[in-house]
Every structure is written in structure tokens, then in C-alpha cells.
Amino acid sequence: MHKVKSDFLNIIIERGLFNQASDLEGLDKKLCSGTSVIGYLGCDPTADSLHIGNLVSLTLLRLFQKTGNKPIALIGGATGRIGDPSGRSSERPMMTEEVFQKNMQGIKKSMEKFFTFGNGSTDAIMVNNYDWFKDISYIDFLTKYGRYFSVNEMLKRESVKLRLDREQPLSFLEFNYSLFQAYDFVEINKRYGAVLQFGGADQWGNIVSGVDLGRRLGLELFALTSPLLTDANGVKFGKSMGNAVWLNEDKLGSYEYYQFWRNVDDRDVSKLLRIFTELPISEIEKLERLQGAEINEAKKILAFEATKICRGEAEALSAEKTAKETFENGGMGAGLPTFDFTGDVNILDALVSVSLCKSKSDARRMITSGAVSVNDEKISDDKFVITKDLSKDGKILLSVGKKNKAILKI
């Protein structure tokens, strides 16, 4: 690998955030030019919040800004209507316009947590690719840019090849996706001067399409991707929990977000501290030397620092306090997820309604395994009914295992 000189590249390599770049030496030279570089990250509004799977790319762009460069957050108001086939075995369902608009607002809320927006030279801006696609006719687009794309090369793209190899349907709509993303890069360069596009490793083909299109049009553009992050068991990070770990607080409370980080596998702590906190590497190296039960202290620091970045310091402190009251002092922490008790309820229904279990069958398995308790008393009967007289000071504590808890409030 080329020995880099720029602060940004040195930081992301040291922290394990670098996967590959289209021209590492050329990009490094541009980053050392003395003027801020403009780069962008695109997200399609497929849900009304980003989730923990988007965090690596968001962290890349955040560090890009912190090292004196200008980030652009692109909302895929146009590309989101097509659907990226990358990593999927079937076409995304079409959304109504109402859902689409709701999702775009949720994505904006997620992105605003990680960057400083404004009008300054290094302040982030947010753009929507629908603004330039809405006025382009398909005939004009094909005649002007279609000749630069080779179907032979497009068929070799991993996202396309996997579908074809598995004999899974790939619509012409999805096949067009890489053309649209490539044009995004050219247009965002023309409008805002962006020369660098960020993305996850699975986006490499789409991003390089834009670099290639730019080259054919006489532009010097760069691609940079982050690695696919997996946990110690080889599972894509954030997926092993079963449910998405959302970044927006209206989708997931700060306590639950904190607890996700607090409960990661011991083997992942070092890697996650480097990627998802802003602690100095020297401090992280000290935490990496902790062994045995002491690793829990590193996990607490990871949970606090990661929550602080996404939810703010006040929410991180509140979540930390709730965890301490619940697990160290044996109480019902004020920040535990709380749900109104509306009357007698079967234990299976209760566990599902407070999101401690994904389904009744999941709840039944948890009861059979001895993992479920009410007010710290184990429940072995899936017909158990929670009643008002079980409350303590107007609260009933539900638990699945030692770490997943919720309160029914009378």
C-alpha cells in the first residue's frame, strides 16, 4: 500500500476504516493540497431511519469533516425509487409517495446527528438527487451517457452476477441503478465540486461506475470504501441482534442503543472502540490490554462514547445511569423502556408488545429456556397472566435474560 501522508487517510487506516480506493496515491496528494476536499455519501430512503449498518460509512464522512474537508450527505430521492440490487436476492417493494417522503425526513434526522451543517467552507450540506433527475428525459440520458456503459461489464458486477447465478429475477429497473449512481457523481461534481465518493465495500462497483464515467468526461474522481464489518462470529455487524439497531431515538430508545454496545462480544471490543469512538488511539490501546472481567469496563466506555456521538452526551449519561441502577444496584432504572399497563395480559403478549421478544413463538422459547422473569421471579408457564397486583410502586419489571428489561407502568 502507498504510504499515505494526509491526516484523514492515516486516521482511517489506523482505526480500521479503510477498505480500498480507486487511486490511493492521487487521493492522498489531493488531500495534502492545502485546500479542503469535497466528498459525498449517498443513502437511499428505504426506511425512516438509518441503522447501525450505516455507521461505518457515516463515521468515515464524519472524520473526513473533522480533518478539514467538506462532506455532502446525499439523499437518494431518485435512486431510492429504483432500488439498489446490491446484497439483495429480490427487488425492493415499491413505496407510496407518503412513505417515501416520511423516510427521507427520517434519513435527514439520522445524518444530522453526525455532521456540522452550515454555510462554512467545511460545513456539511444535504442534497437530494431527485432535484437533478426530475428534469432529465430518459432519451436524453441514454443518448448522452448510455454509450459510456458496457453491458458486458455491468453483467460482471457482483450485485448482478449473484442474481443471475442464482437464477433470481433482476428487473431492468434495478439493472439501471448503477447508471443512475454513476451520473450522480458527475452531477454532484458539476454542482458542488465533489471529487470523492464514500461507501461500504458492497458499493464498490456502483462507485467505480461513477469514477469511470467521470474519466470519460474528462473529470478526475475518486472512490473510497470502508470494509464490511462483521462480528467475532462472522455475522454482518448489527444483524446478529435480530432487529435493526436504529439511529433515530423515535425508533430505538437511547438506553436500548447504549445496551447494544454494552452487550457486544468481548472479542469485538477493540475493533469497535477504534471505529465507533473518538477516543485517542493511545487510550484505546490501554483498554485493549484489559483481560477477563475487566473487559466490562472497556464495554462501558464503548457504550457511553458510541451513544454520545449518536444521541448526545446527556442521553449517554442518562443511559449509563439507568444501566448502573438496574444491573449494579438491583433497581428499576428510570431510563428503562416503559410501557403503560392497560389490564391483565398474557406473558407471551406482554413480551412481544414491549419488544423483548420478536414473536409469541420466540417468547415461548425464552420461557422454556428459563430466561423470562417478572419482578425477578422466573416464569415457567407460557399461560402466566400479568395482573395489577404484581406491581411494585406502580411498576412491573419484565426481563429476558440478564440484560434485556422493560417496565410495565400502572
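None of these values were measured; they are calculated from a predicted model.

### Some remarks on the overall build of the protein
Okay, so step 1: The helix and strand inventory of the protein stands at 18 helices and 13 strands.
Okay, so step 2: Looking at the protein as a whole, 48% of its 410 residues qualify as buried.
Okay, so step 3: Partitioning the intrachain contacts of the protein with sequence separation of at least 6 by distance along the chain shows that 72% fall at a separation of at least 24.
Okay, so step 4: Element-wise, carbon and sulfur atoms account for 49% of the exposed surface of the protein, whose accessible area totals about 20,000 Å².

### Thoughts on the pairing of strand β6 (residues 222-226)
Two faces make up the sheet, and in a regular strand the side chains alternate between them.
Okay, so step 1: Along β6, five of the five residues are buried, which leaves the element largely enclosed by surrounding structure.
Okay, so step 2: Here β6 shows a buried face lined by F222, L224 and S226 and a second buried face lined by A223 and T225.
Okay, so step 3: Bridge count between strand β1 (residues 20-21) and β6: two bridges; the pairing is antiparallel. For A21, the partnering residue across the bridge sits in β6 and is L224.
Okay, so step 4: Inspection of the sheet shows strand β5 (residues 196-200) paired to β6 by five bridges, in the parallel sense. Residue pairing across strands places G200 opposite S226, the latter belonging to β6.
Okay, so step 5: You can see the chain leave β5, run along helix α11 (residues 204-216) and come back into β6, and the turn it takes is right-handed.

### Overview of the nonpolar core
Most often, soluble globular proteins have nonpolar side chains that are buried together.
Okay, so step 1: The biggest cluster of nonpolar side chains holds 72 residues, and the ones touching the most others in it are F8, L224 and W261.
Okay, so step 2: Sorting elements by how many residues they give to this core places helix α15 (residues 295-311) first, with eight residues.
Okay, so step 3: Setting aside anything within four residues of it in sequence, one finds F8 in contact with L31, L60, L63, F64, T67, N69, F198 and L224.
Okay, so step 4: Formed by 26 residues, the second largest nonpolar core is a distinct cluster that contains Y40, V127, F133 and F185.

### A few points about the packing of aromatic side chains
Okay, so step 1: Under the counting rule described, the total for this entry stands at 17 aromatic pairs.
Okay, so step 2: On the basis of an interplanar angle of 70° and a centroid distance of 5.0 Å, the ring pair of F64 and F198 is categorised as edge-to-face. On the criterion of sequence distance, the pair formed by F64 in helix α3 (residues 55-66) and F198 in strand β5 is long-range, its members being 134 residues apart.
Okay, so step 3: You can call F198 buried: its relative accessible area is 2%.

### Describing the pattern of salt bridges
Okay, so step 1: According to the stated counting rule, one finds 19 salt bridges in the structure shown.
Okay, so step 2: D265 serves as the salt-bridge partner of R267, at 2.8 Å between the closest nitrogen and oxygen.
Okay, so step 3: A relative accessible area of 55% means that R267 is categorised as exposed.
Okay, so step 4: The salt bridge involving K300 is made with E297; its shortest N-O contact spans 3.4 Å. In this pair, K300 and E297 both sit in helix α15, three residues apart, roughly one turn of the helix.
Okay, so step 5: Among the ionic contacts, a cluster of salt bridges with common partners joins D48, K102 and K251.

### Focus: the sheet that holds strand β12 (residues 395-400)
Okay, so step 1: Spatial ordering of the open sheet is given by β7-β13-β12-β9-β10, a layout of five strands whose pairing is mixed. Bordering the open sheet on either side are β7 (338-340) and β10 (377-378), each of which pairs with just one other strand.
Okay, so step 2: When strand β9 (residues 372-374) meets β10, the two strands line up antiparallel, connected through two bridges. Counterpart to V374 in the pairing with β10 is E377.

### Observations regarding the packing of helix α13 (residues 269-276) against α15
Okay, so step 1: Where α13 meets α15, the axes come as close as 10 Å, and the angle between the chain directions of the two elements is 25°. Taken as axis vectors, α13 and α15 run roughly parallel relative to one another. Judged by the twist between their axes, the crossing of α13 over α15 is left-handed. On α15, the residues touching V269, L272, L273 and F276 of α13 are I295, A298, K299, L302, A306 and I309.
Okay, so step 2: Grouping the constituent residues of the contact of α13 with α15 by class yields nine nonpolar, no polar and one charged.

### Let's talk about the environment of E97
Okay, so step 1: Structurally, E97 is set in helix α4 (residues 97-111).
Okay, so step 2: Along the sequence, E97 and R81 sit 16 residues apart, while their C-alpha atoms lie 9.7 Å from each other.

### Here's the deal with the environment of G80
Okay, so step 1: As for its position among the elements, G80 is in the loop between β3 (70-75) and α4.
Okay, so step 2: Residues G80 and P45 lie 35 residues apart in sequence; the distance between their C-alpha atoms is 5.9 Å.
Okay, so step 3: In this structure G80 touches D44, P45, M95 and F100, once residues within four positions along its chain are discounted.

### Here we look at the sheet that holds strand β2 (residues 38-43)
Okay, so step 1: Pairing within the open sheet is mixed, and its six strands lie in the order β1-β6-β5-β2-β3-β4. Looking at which strands have only one partner, the edges of the open sheet turn out to be β1 and β4 (125-128).
Okay, so step 2: Where β2 and β5 come together, three bridges link them in parallel fashion. Opposite L41, over in β5, you have F198 as the bridge partner.
Okay, so step 3: Taken strand by strand, α4 contacts β2, β3 and β4, and its axis lies near 160° from that of β3.
Okay, so step 4: In this fold helix α10 (residues 177-192) packs onto β2, β3, β4, β5 and β6, with an angle of close to 140° to the strand it touches most, β2.

Conventions we followed
- All chains use their own residue numbering, which begins from 1 and follows the written sequence.
- At least 70 in pLDDT is required for a residue's local features to be given in this predicted model, at least 80 for side-chain atom pairs to be given and counted, and no such filter applies to totals for whole chains, interfaces and linings, which use all residues.
- Water and hydrogen atoms were dropped before computing side-chain values, which therefore reflect all heavy atoms in the structure.
- Secondary structure elements follow DSSP: runs of H or I no shorter than four residues count as helices, runs of E no shorter than two count as strands, and numbering proceeds from the N terminus.
- Using a 1.4 Å probe on the protein chains alone, a residue whose accessible area is under 20% of its type maximum counts as buried, one over 50% counts as exposed, and one in between counts as partly exposed.
- Only heavy atoms matter for contacts: two residues are in contact if any of them lie within 4.5 Å across the pair.
- What sets the accessible areas is the Shrake-Rupley method with a 1.4 Å probe; for residues, cover comes only from the shown protein chains.
- Here, strands pair whenever DSSP counts at least two bridges between them.
- Handedness rule for crossovers: strands pointing away from the viewer, path from the first strand over the helix to the second running clockwise, crossover right-handed.
- The term nonpolar core refers to a set of buried residues drawn from Ala, Val, Leu, Ile, Met, Phe, Trp, Tyr and Cys, joined through side-chain atoms within 4.5 Å.
- Between the rings of Phe, Tyr and Trp (Trp by its six-membered ring), a pair exists once the centres lie within 6.5 Å; its type follows the angle of the planes, with under 30 degrees stacked, over 60 edge-to-face, and the other angles tilted.
- Salt bridges are identified by distance alone: a Lys or Arg side-chain nitrogen within 4 Å of an Asp or Glu carboxyl oxygen.
- Angles run from 0 to 180 degrees between N-to-C directions of axes, and those axes are lines fitted to C-alpha atoms, restricted for helices to the stretch in contact.
- The cut-offs work like this: below 35 degrees is roughly parallel, past 145 is roughly antiparallel, 65 to 115 is roughly perpendicular, and the gaps in between are oblique.
- Crossing handedness is defined as follows: a turn of the near helix away from the far one that is anticlockwise and smaller than a right angle gives a left-handed crossing, while the clockwise case is right-handed.
- Here the nonpolar group is Ala, Val, Leu, Ile, Met, Phe, Trp, Tyr, Cys and Pro; Asp, Glu, Lys and Arg are the charged ones; every other residue, Gly included, is treated as polar.

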